[in-house]
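# Coordinate inspection notes
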Amino acid sequence: RRRARGRHRSHAHLGSLARGIGIAMSLAASHALVQTRVVARRRDGASSRSSRRNVVDRRRPSATSEDEHDAPRRRSATPRDRSRDAASPARLADGRRAFLGRVTASSATLLSSAIAPGVAPAFAADASASASAPAPLAPFVGKAGFFMRIPSGWVKAMDRSGDGPSGAGGETLALVGNFRDIDTVSVRREPMSAHPDFAAAVASSDDANETDRLSRLVAEILTSAERGAVEANQAVGVVAGVEGGSSGVMDFRLGGSSAYEASDGVAGGGGKNTTYFAYDFYTEVCRARIEEISGGSKQCVGPRGDVLDTIQRRNFTVAVESDGYLYLVKASALESRWDAVGAQLREVAESFRVPQTR
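What you are looking at is a predicted structure, and each value in this text was computed from that prediction instead of being measured.

### Quick notes on the sheet that holds strand E3 (residues 155-159)
In spatial order, the strands read E3-E4-E5-E11-E10-E7-E6; together these seven strands make up an open sheet with antiparallel pairing. Each end of this open sheet is capped by a strand with a single partner; those strands are E3 and strand E6 (248-263). Neighbouring strand axes in the sheet, compared pairwise and without regard to direction, differ in orientation by 15 degrees on average. In terms of strand pairing, strand E5 (residues 183-191) meets strand E11 (residues 325-334) through eight bridges, oriented antiparallel. Residue pairing across strands places Val185 opposite Ala331, the latter belonging to E11. Across the face of the sheet, helix H7 (residues 211-222) comes into contact with E6, strand E7 (273-286), strand E10 (311-322) and E11 while running at roughly 140 degrees to E6. Of the strands in this sheet, E5, E6, E7, E10 and E11 are in contact with helix H9 (residues 338-350), which crosses E11 at around 165 degrees.

Structure follows, in structure tokens:
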């Protein structure tokens, strides 16, 4: 009974400590409720075991003293039982310390996550600011000889020299980006013979005052395939989707356009000035089948007849002619991310310089 009372007092003390910690965890009510229930179950279990022992003791024959009841028990106890009884207080204390350590750690984590933004620690604000800051740009020279600056953490998924045979439509020389969020920049080279309208427009305009008109004309010429795809519900410049192996452009809107001159010298001089054309546009792509509905609207329909979500992206393209080729640098991101990464993607595309002739 003395050992039972001792264990009961230990459990009661543990219960009072747990209740005190539960009050301190009021900001994390759900987690504190779980811990409090665990402690309550342990306390109830100890009380019920103590009650059962009292019932058994009352059924025993009366004795003149507690020593007479304890003596047979002490004489019949084995060395293993005595060792276990001696170690029980130590195990109980270790368990109590471990439990309090877990509760304290959980409390600190939950309380720190519940702090209002206005009173957040300074180090948390610094970490948030560094996470949202754009990555610095680092030089990138492709195997084909071109130069541009890209974020240091980007993955170079493709980097080709362009020395091998290419199709009549040209080839993609490089593909880099943040593929976790699908922020990408591609460099494509196509023969000028595939763009007679572009060549004619550039050759016919020698007046520097017509830069705005010329840049708009170039943007319309180089996006004619996308605009045609919208009318015909065809795929243009996208990977074939998993839904039935088809993909199409549902919507296309051309944004602003401009032209600027930049030196081909990477190190700031020594090269000739070349005119670069820039324009941005919006696309909505369906990776399934496009169907027209009432009112001239369109919807993306899967193979089971269910309406699927479309992919809306913003694109910023830089076009430049060099040595009989047209280079197209396209920076692209989801429409929902453009406000956050659009400025940096423009900077990456505008840093492109054509390969240097030797």
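### Notes on the pattern of salt bridges
Tallied over the entire structure, the rule returns eleven salt bridges. Arg337 is the salt-bridge partner of Asp181, the closest N and O atoms lying 3.7 Å from each other. Remark: Arg337 occurs in the loop between E11 and H9 and Asp181 occurs in the loop between strand E4 (171-178) and E5; sequence separation between them is 156 residues. Exposure remark for Asp181: the relative accessible area of 21% places this residue in the partly exposed category. On the basis of relative accessible area, Arg337 is assigned to the partly exposed category, the value being 23%. When the shortest N-O distance is used, the salt bridge between Arg314 and Glu335 registers 3.9 Å.

### A word on the environment of Val318
Among the secondary structure elements, Val318 is positioned in strand E10. The buried category is assigned to Val318, whose relative accessible area is 0%. Distance from Val318 to Phe277, taken between C-alpha atoms, is 5.5 Å for residues 41 residues apart in sequence. When neighbours within four sequence positions are excluded, Val318 is seen to be in contact with Tyr260, Tyr276, Phe277, Ala278, Tyr327, Leu328, Val329, Ala349 and Glu350.

### What to know about the packing of helix H6 (residues 196-203) against H7
Packing of H6 against H7 leaves a shortest axis separation of 9 Å and a crossing angle of 175 degrees. The angle between H6 and H7 falls in the class roughly antiparallel. Contacts between H6 and H7 involve Asp197, Phe198, Ala201 and Val202 from the first element and Leu214, Leu217, Val218, Ile221 and Leu222 from the second. Classifying every residue of the contact of H6 with H7 gives eight nonpolar, no polar and one charged.

### Observations concerning the side chain of Asn315
Examined against the element boundaries, Asn315 turns out to sit in strand E10. With a relative accessible area of 3%, Asn315 lands in the buried category. One polar contact links Asn315 to Ser332, side chain to side chain, over a distance of 3.0 Å. Aside from chain neighbours lying at most four places away, what touches Asn315 is Tyr279, Asp280, Phe281, Thr283, Lys330, Ala331, Ser332 and Trp338.

### Describing the confidence of the model for the chain
Reading fine detail from the predicted coordinates is not recommended where pLDDT is low. Mean pLDDT over the chain stands at 74; residues scoring 70 or higher make up 55%. Below a pLDDT of 50 lies the segment residues 61-76, which in the model reaches eleven contacts outside its immediate sequence neighbourhood of four places, other chains included. Every residue in residues 237-245 is under pLDDT 50, and counting partners more than four places away or in other chains gives 15 contacts.

### Here we look at the pairing of E10
Along E10, nine of the twelve residues are buried, which leaves the element largely enclosed by surrounding structure. Bridge count for E7 against E10 is nine bridges, and the pairing is antiparallel. Across the sheet, the residue bridging to Ala278 is Val318, located in E10. Direction of pairing for E10 relative to E11: antiparallel, over a ladder of ten bridges. The residue bridging Phe316 from the neighbouring strand is Ala331, located in E11. Counting the residues between successive antiparallel strands, the hairpin from E10 to E11 contains two residues, one of them, Asp323, with a positive phi of roughly 55 degrees.

Reading the values: rules and limits
Residues numbered from 1 in each chain as written. Predicted model: local features only at pLDDT ≥ 70, side-chain atom pairs only at ≥ 80, totals over all residues. Heavy atoms only, no water. Pairing = 2+ DSSP bridges. Helix = DSSP H or I, 4+ residues; strand = E, 2+ residues; numbered from the N terminus. Axes fitted to C-alpha atoms, helices over the stretch in contact; angles between N-to-C directions. Contact = heavy atoms within 4.5 Å. Salt bridge = Lys/Arg side-chain N within 4 Å of Asp/Glu carboxyl O. Buried < 20%, exposed > 50% of the residue type's maximum accessible area, 1.4 Å probe, protein only. Parallel < 35°, antiparallel > 145°, perpendicular 65-115°, else oblique. Nonpolar A, V, L, I, M, F, W, Y, C, P; charged D, E, K, R; others polar. Polar contact = N/O pair within 3.5 Å; in protein donor to acceptor, adjacent residues only side chain to side chain. pLDDT = per-residue confidence, 0-100.

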